Amino acid sequence: VHENWIDYQRLYEDKSGFFPLLAHLNSKSATGKIHMLLFNKLRKLTKDSTTLHQPSPGRDARLSFTTAEVEKKNMAEIADDMFFRCFRNMTTNYQRFFLDNDTIQDEYDFASRFVTAFYYFPSLATKISQLKGIPYTNIVPNKVYKHGSRSKEIGPIASDTLDAIKATIDAVVKKL
């Protein structure tokens, strides 16, 4: 999910939205469960860990980096809205699509269990990953890559950049 409301609202559109479509598919046969709500392409301000809600009551989503306050506020509002639409709206009963849905009591439990985020990875790392088909975690620090059959070189990427990307991916995987 992107942290803007227009993209988020599309999840609930009649028939073509993610949740109505999932409900339709589930009426025909069993479907999988939602494991997480992953926000992507956020700006990373620092590598310091932070909570989603401000103030936080303790149990809350812990992000592996600090993003802009406005992005974090949008994420918190979207996560809270999803909790209320999916776990409190008894007409849609969308909570049945979430893994461990019986352990969720409020929006903070929801955020703690489901919400995580990726920041916008540096374009050089993204370009190498896309052009060479190399997962981020397998890019070699300080190596120069060739751009296909052309002699143009891509890279190198500093090891601290790759370490930050790997730490972010690890934090998301740990949530699974």
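The present account deals with the structure reproduced in this document. If you're wondering where the values come from, they're calculated on a predicted model, not measured in any experiment. (Residues numbered from 1 in each chain as written. Predicted model: local features only at pLDDT ≥ 70, side-chain atom pairs only at ≥ 80, totals over all residues. Heavy atoms only, no water.)

### Quick word on the overall build of the chain
Moving on, step 1. A tally of regular secondary structure across the chain gives 6 helices and 6 strands.
Moving on, step 2. Along the chain, helices and strands appear, N-terminal first, in the series α-α-β-β-β-α-α-β-α-β-β-α.
Moving on, step 3. Seen through its C-alpha atoms, the chain measures out along the principal axes to roughly 60 × 40 × 25 Å.
Moving on, step 4. A buried classification covers 40% of the 176 residues belonging to the chain.
Moving on, step 5. Taking as baseline every contact in the chain between residues at least 6 positions apart, the subset at least 24 positions apart corresponds to 56%.
Moving on, step 6. Of the roughly 10000 Å² that the chain leaves accessible, carbon and sulfur atoms contribute 53%.
Moving on, step 7. The chain carries 25 positive and 20 negative side-chain charges, and their two centres are separated by 8 Å. (Helix = DSSP H or I, 4+ residues; strand = E, 2+ residues; numbered from the N terminus. Buried < 20%, exposed > 50% of the residue type's maximum accessible area, 1.4 Å probe, protein only. Contact = heavy atoms within 4.5 Å. Areas by Shrake-Rupley, 256 points an atom, 1.4 Å probe, with all protein chains shown as cover. Lys, Arg positive; Asp, Glu negative; His and termini not counted. Charge placed at Lys NZ, Arg CZ, Asp CG, Glu CD.)

### A short note on the packing of aromatic side chains
Moving on, step 1. Under the defined criterion, the tally for this structure stands at 17 aromatic pairs.
Moving on, step 2. Pairing W5 with Y8 gives two aromatic rings, centres 5.4 Å apart and planes at 85°, and the pair type is edge-to-face. Placement of the pair is W5 and Y8 together in helix α1 (residues 5-9), with a separation of 3 residues, close to one helical turn.
Moving on, step 3. W5 sits in the partly exposed class, given a relative accessible area of 29%.
Moving on, step 4. A relative accessible area of 0% places Y8 in the buried class.
Moving on, step 5. Ring centres 5.1 Å apart and planes at 70° place the aromatic pair F98 and F114 in the edge-to-face group. Placement of the pair is F98 in the loop between α3 (69-88) and α4 (107-114) and F114 in helix α4, with a sequence separation of 16 residues.
Moving on, step 6. The cationic tip of R85 hangs over the ring face of Y12; the distance from NZ or CZ to the ring centre is 4.1 Å. (Phe/Tyr/Trp six-rings, centres within 6.5 Å; stacked < 30°, edge-to-face > 60°. Lys NZ or Arg CZ within 6 Å of the ring centre and 35° of its normal.)

### Notes on the environment of P122
Moving on, step 1. Tracing the chain through its elements places P122 in the loop between β4 (115-119) and α5 (123-132).
Moving on, step 2. With relative accessibility at 31%, the residue P122 sits in the partly exposed group.

### Describing the packing of α3 against α4
Moving on, step 1. It is the contact of α3 with α4, at a shortest axis distance of 9 Å, that shows an interaxial angle of 110°. On the basis of the axis angle, α3 is roughly perpendicular to α4. Contacts between α3 and α4 pair A79, D80, M82, F83, F84 and F87 from the former with E107, F110 and F114 from the latter.
Moving on, step 2. A breakdown of the residues in the contact of α3 with α4 according to their chemical character gives 7 nonpolar, no polar and 2 charged. (Axes fitted to C-alpha atoms, helices over the stretch in contact; angles between N-to-C directions. Parallel < 35°, antiparallel > 145°, perpendicular 65-115°, else oblique. Nonpolar A, V, L, I, M, F, W, Y, C, P; charged D, E, K, R; others polar.)

### Some points on the environment of K73
Moving on, step 1. Following the sequence through the fold, K73 ends up in helix α3.
Moving on, step 2. Sequence spacing of K73 and H53 is 20 residues, and the spatial spacing of their C-alpha atoms is 7.5 Å.
Moving on, step 3. For K73, the side chain forms a polar contact with the side chain of E77, separated by 2.7 Å. (Polar contact = N/O pair within 3.5 Å; in protein donor to acceptor, adjacent residues only side chain to side chain.)

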